[in-house]
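Architecture and fold: a report
For reference, the chains in residue letters:
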Amino acid sequence: MAANAHFASAILAEEKCKPHVGVVDRDWICEAVRLIEADFHRSADTHLLRLPIASLEGIDIYLKDESTHPTGSLKHRLARSLFLYGLCNGKIARDTRIVEASSGSTAISEAYFARLLALPFTAVVPDATSKEKIGEIEHFGGTCEYVPSAQIYDRAEQIARECDGYYMDQFTLAERATDWRGNNNIAESLFEQMRCEPHPIPRWVVVGAGTGGTSATIGRFIRYRPHLASQTSLCVADPEGSVFLESFRDPRGVPRCCLPSRLEGVGRPRHEPSFVPSVVDRMMRVADAASIATAHWVSDRLGKKVGGSTGLNVFATLKLAHEMRGRGERGSLATLICDSGDRYQQTIFDESWLRKEKLDLSETAQFLESL
């Protein structure tokens, strides 16, 4: 009794969690996390493919095929992490409407996980988003709202506020929602798969940046593993119309442009909070025509279509490989197949769209064939 009296006098104020905070839904949250973890264990890791190129003897190029995820892109990993982040931070409860600003692939993956948890989902997408992506979002039960590219952030936040929902905000949270130290993130998976290859520690890893979350995860993981930090560098490839290269050159500035990228999923008109320039060793601007021509070339070599962001990655990887060859170096490089080209049949694989965009692929196509 004396102890209780002491506690009563020492505790000056106390308030229990309100029902909407999530404690009442703790059983539901535990079940939601279990469903996401079960989905993860049902999915085998993505494949690591070798891209043989005769002119690069002694230099091996690997493609980690993220298009084999259940939702067809590397954004499947991000969506899983964002949902776990929201659930474990008490932001997502039973019947919470999930809202996201996305150019397509992240929204597809988030719609998949929202359906898994029986949650309503709204995607705010740029008005030029491919019809194939819209169809996949709707296939998983999501609804779409179209706005000009620069307005997706504000509109998504507004919708979430109006319906008391949760704005996933991939462009801010991507770099913190993923555990970059391990837990089967993309970096850990890639380097583990490389372990038995002739050159197991790649000289370069090459990625594009959309949110910046993938480059942040890989760059941090490299620094976290001393045997990688001494040998592996990270290059980020940037398409036309994106500001990431400028923000890498001057991190103190906050560059912004008004041109949406023609390569859906990579390049941004503003510096996104999840892009971390300090973990990037090199950046490279690649012309859209070169990226798209390379996407066609890789598609032909693999017998499966890949998207423009994959072409961007591979072209930058080829440039780095030729620099290595010029220095007489041997070794390996790794990059990503970001998603399937089937989502871009009416854009980068459509001749009329290429003509409308005034994109001539012939010069890069001839160069690639010479390899």
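Please refer to the structure higher up on the page.
Residues numbered from 1 in each chain as written. Predicted model: local features only at pLDDT ≥ 70, side-chain atom pairs only at ≥ 80, totals over all residues. Heavy atoms only, no water.

1. Overview of the overall build of the protein
When its secondary structure is counted, the protein shows 15 helices and 10 strands. A compact globule built from 371 residues should have a C-alpha radius of gyration of about 21 Å, and the protein, at 22 Å, falls within 12% of that. For the protein, the spread of C-alpha atoms along the principal axes amounts to about 85 × 45 × 45 Å. With 371 residues in all, the protein has 55% of them scored as buried. A separation threshold of at least 6 residues defines the contact pool for the protein, and within that pool the share at least 24 residues apart is 75%. Separation of charge centres in the protein, based on 44 positive and 49 negative side chains, amounts to 3 Å. (Helix = DSSP H or I, 4+ residues; strand = E, 2+ residues; numbered from the N terminus. Rg over C-alpha atoms; globule rule 2.2 N^0.38 Å. Buried < 20%, exposed > 50% of the residue type's maximum accessible area, 1.4 Å probe, protein only. Contact = heavy atoms within 4.5 Å. Lys, Arg positive; Asp, Glu negative; His and termini not counted. Charge placed at Lys NZ, Arg CZ, Asp CG, Glu CD.)

2. Considerations on the environment of Leu336
With respect to the element layout, Leu336 can be found in strand S10 (residues 331-337). The spatial distance from the C-alpha of Leu336 to the C-alpha of Ser247 is 23 Å, given a sequence separation of 89 residues. Each residue touching Leu336, except ones within four places of it in the same chain, is listed here: Lys64, Leu74, Ile186, Val206, Val207, Thr214, Thr310 and Asn313.

3. Considerations on the nonpolar core
Looking at soluble globular proteins, one finds that nonpolar side chains tend to be buried together. The biggest cluster of nonpolar side chains holds 40 residues, and the ones touching the most others in it are Ile53, Ile61, Ile292, Trp297, Leu318 and Leu333. Every residue in contact with Ile53, bar those within four places of it in the chain, is listed here: Ile61, Trp297, Leu318 and Leu371. Grouped together as the second largest cluster of nonpolar side chains are 32 residues, Ile29, Ala114, Phe121 and Met168 included. (Core = buried A, V, L, I, M, F, W, Y, C linked by side-chain atoms within 4.5 Å.)

4. Concerning the pattern of salt bridges
The full count for this structure, using the stated rule, is 28 salt bridges. For Glu357, the salt bridge is made with Arg262, and the minimal N-O distance between the two is 3.5 Å. Note that Glu357 is positioned in the loop between helix H14 (351-356) and helix H15 (362-369) and Arg262 in the loop between helix H11 (244-249) and strand S9 (282-285), a separation of 95 residues in sequence. A residue is classified by how much of its surface remains accessible, and Glu357, at 22% relative accessible area, is partly exposed. Ionic contacts of the salt-bridge type, sharing partners, join the residues Glu240, Arg262, Asp288, Lys356 and Glu357 into one network. (Salt bridge = Lys/Arg side-chain N within 4 Å of Asp/Glu carboxyl O.)

5. Focus: the sheet that holds S10
Taken together, six strands build an open sheet; the order of strands is S1-S2-S10-S7-S8-S9 and the sheet is mixed. Edge strands, defined here as strands with exactly one partner in the open sheet, are strand S1 (47-50) and S9. The average angle at which neighbouring strand axes cross in this sheet is 25°, direction not considered. The pairing of strand S8 (residues 233-238) with S9 spans four bridges and is classified as parallel. Bridged to Ala237 within S9 is Met284. Sheet strands touched by helix H13 (residues 308-326): strand S2 (59-65), strand S7 (204-208), S8, S9 and S10. Its angle to S10, the strand with the most contacts, is close to 170°. (Pairing = 2+ DSSP bridges. Axes fitted to C-alpha atoms, helices over the stretch in contact; angles between N-to-C directions.)

6. Notes on the pairing of strand S4 (residues 121-126)
Counted residue by residue, S4 has six buried out of six residues, so it is predominantly covered. As judged from the four bridges shared by strand S3 (residues 98-101) and S4, these two strands associate in the parallel manner. When the bridges of S4 are listed, Ala101 appears paired with Val124. The handedness of the S3 to S4 crossover, carried by helix H4 (residues 105-116), is right-handed. Here S4 runs beside strand S5 (residues 143-147); their pairing, made up of five bridges, is parallel. Residue pairing across strands places Ala123 opposite Cys144, the latter belonging to S5. (Right-handed = clockwise from strand over helix to strand, strands pointing away.)

7. A short note on the packing of aromatic side chains
For the coordinates displayed, the defined rule picks out eight aromatic pairs. Ring plane angle 90° and centroid distance 5.5 Å describe the contact between Tyr112 and Phe140, whose orientation is recorded as edge-to-face. Placement of Tyr112 in helix H4 and of Phe140 in the loop between helix H5 (131-139) and S5 is noted, with a sequence separation of 28 residues between them. Each member of the pair, Tyr112 as well as Phe140, is classed as buried. Every member of this aromatic cluster is reached through a ring pair, and the members are Phe83, Tyr112, Phe113 and Phe140. Lying over the aromatic face of Tyr153, Arg270 brings its terminal NZ or CZ to 3.5 Å of the ring centre. (Phe/Tyr/Trp six-rings, centres within 6.5 Å; stacked < 30°, edge-to-face > 60°. Lys NZ or Arg CZ within 6 Å of the ring centre and 35° of its normal.)

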